[in-house]
Amino acid sequence: MEIETDRLLIRPWVENDLATFAEFNADPEVRRYYYPALLSRAQSDEVVAECMRHLNEHGFAFLATVRKEDSALIGGTGLSWTNDVPGDPAIEIGWILGRAYWRQGYARETGLAWFAQARSLGINEVIGYTSATNLPSRAQMEALGMTRDPAEDFADPTVPADNPLSPHVLYRLKGIT
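Predicted model, so just to flag it, every value in this text is computed and none were measured.

Parameters at a glance
Positions within a chain are numbered from 1, following the residues in the order the chain's sequence is written. Residues qualify for local features only when their pLDDT is at least 70, as the model is predicted, and side-chain atom pairs are given and counted only at 80 or more; totals for whole chains, interfaces and linings, by contrast, use all residues. Processing note: side-chain calculations cover all non-hydrogen atoms of the structure and skip hydrogens and water entirely. Counting from the N terminus, the helices are the DSSP runs of H or I reaching at least four residues and the strands are the DSSP runs of E reaching at least two. As defined in this context, the radius of gyration uses C-alpha atoms, and a globule is described by 2.2 Å times the residue total to the power 0.38. Only protein chains enter the area calculation, which uses a 1.4 Å probe; residues under 20% of their type maximum are buried, those over 50% are exposed, and those in between are partly exposed. We call two residues in contact when some of their heavy atoms are within 4.5 Å. Here, Shrake-Rupley sampling with a 1.4 Å probe gives the accessible areas, and only protein chains in the shown set may cover a residue. Two strands qualify as a pair provided DSSP detects at least 2 bridges between them. Take the residue count of a helix, subtract one, and multiply by 1.5 Å to get its expected span. Only centres within 6.5 Å qualify two rings of Phe, Tyr or Trp (six-membered ring in Trp) as a pair; their planes then separate them into stacked at under 30 degrees, edge-to-face at over 60, and tilted for everything else.

Q: Looking at this structure, I do not really get the overall build of the chain. What am I missing?
A: In terms of helices and strands, the chain carries four helices and nine strands. From first element to last, N terminus to C terminus, the chain shows the α and β order β-β-α-α-β-β-β-α-β-α-β-β-β. Expected size for 177 residues packed as a compact globule is a radius of gyration near 16 Å; at 15 Å, the chain falls within 12% of this value. Along the longest, intermediate and shortest principal axes, the C-alpha atoms of the chain span 45 × 35 × 30 Å. Out of the 177 residues belonging to the chain, those deemed buried represent 50%. Counting only contacts in the chain whose residues sit at least 6 apart along the sequence, the fraction spanning at least 24 positions is 62%. For the chain, the exposed area adds up to about 8,800 Å²; of that, 51% sits on carbon and sulfur atoms.

Q: Would you explain the environment of Val 85 in this entry?
A: Among the secondary structure elements, Val 85 is positioned in the loop between strand 4 (73-82) and strand 5 (90-97). According to the relative accessible area criterion, Val 85 is buried, its value standing at 7%. Measuring from C-alpha to C-alpha, the distance between Val 85 and Val 66 comes to 29 Å, with 19 residues separating the pair along the chain. If we ignore the near neighbours within four places in the chain, the residues touching Val 85 are Ala 90, Ile 127, Tyr 129, Phe 154 and Leu 170.

Q: Please explain the pairing of strand 3 (residues 62-67) as it appears in this structure.
A: Walk down a regular strand and you will see the side chains alternate between the two sheet faces. Burial analysis of strand 3 places six of its six residues in the buried class, which makes it a mostly covered element. Relative to strand 3, strand 2 (residues 8-11) runs antiparallel, the two sharing four bridges. Following the sheet pairing, Leu 8 is matched in strand 3 by Arg 67. The pairing of strand 3 with strand 4 spans five bridges and is antiparallel. The partner of Thr 65 across the bridge, within strand 4, is Gly 75. Between strand 3 and strand 4, which pair antiparallel one after the other, the connecting turn spans five residues, and Ser 71 there sits at a positive phi close to 60°.

Q: Looking at this structure, how should I read helix 3 (residues 106-120)?
A: Note: α-helices contain 3.6 residues per turn, so residues at a spacing of three or four share the same orientation. In this model helix 3 runs 21 Å from its N-terminal to its C-terminal C-alpha over 15 residues, within 8% of the 21 Å that 1.5 Å per residue would give. Within helix 3, the full set of buried residues consists of Tyr 106, Ala 107, Glu 109, Thr 110, Gly 111, Ala 113, Trp 114, Phe 115, Gln 117 and Ala 118. Positive backbone phi, at 80°, marks Gly 122, one or two positions downstream of helix 3.

Q: Is there a simple way to think about the packing of aromatic side chains in this case?
A: Remark: the centre distance and the inter-plane angle together describe each pair of aromatic rings, the angle taken between the planes. Summed over the entire model, instances satisfying the criterion amount to three aromatic pairs. Geometrically, the ring pair formed by Phe 24 and Tyr 101 is edge-to-face, given 6.4 Å between the ring centres and 70° between the ring planes. Here Phe 24, found in helix 1 (residues 18-25), pairs with Tyr 101, found in the loop between strand 5 and helix 3; they are 77 residues apart in sequence, far enough to count as distant. The exposure classification of Phe 24 matches that of Tyr 101, with both residues buried.

Q: In this structure, what is going on with the pairing of strand 5? I would like to understand it.
A: A large share of strand 5 lies buried, amounting to eight of its eight residues. Sheet analysis places strand 4 next to strand 5, joined by eight bridges and oriented antiparallel. Note on strand 5: the bridge partner recorded for Gly 75 is Leu 97.

Listed below in structure tokens is the structure:
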């Protein structure tokens, strides 16, 4: 599976991506709104392995995102099934970009591409969620047309209850197909 945008190629992960992605996952600013905050190389590699298992099982996943002009890995973006939100399992959109690639419109570009992919797969609704304090991702979801109902906000079950990253907000984009 590959998705192309004007500037980016979204593709399955390859061995050469692992060290760079691990660097992103070891950057305190990149991981500021994630729990656990930093990932070791082994933990980062396991995230990628899980993404590839998800791709093989479902036909979509959180994938490597590469800038076409120089083949630089800018991060990972994608869709995946989640059970970490209240209610039924849902398909979430997500992104994690290296700090050098922030504020260049890449999250929006990939978000729109993934919504188009969801449409082509017959997916009618995509959710996004993040810690309540993650104002940049919240703004991105809103810019992508996702909406939030505060009644759906929740404590993330993967984060300790006393951690400031536990309160999460949930956004939806319905009627994609």
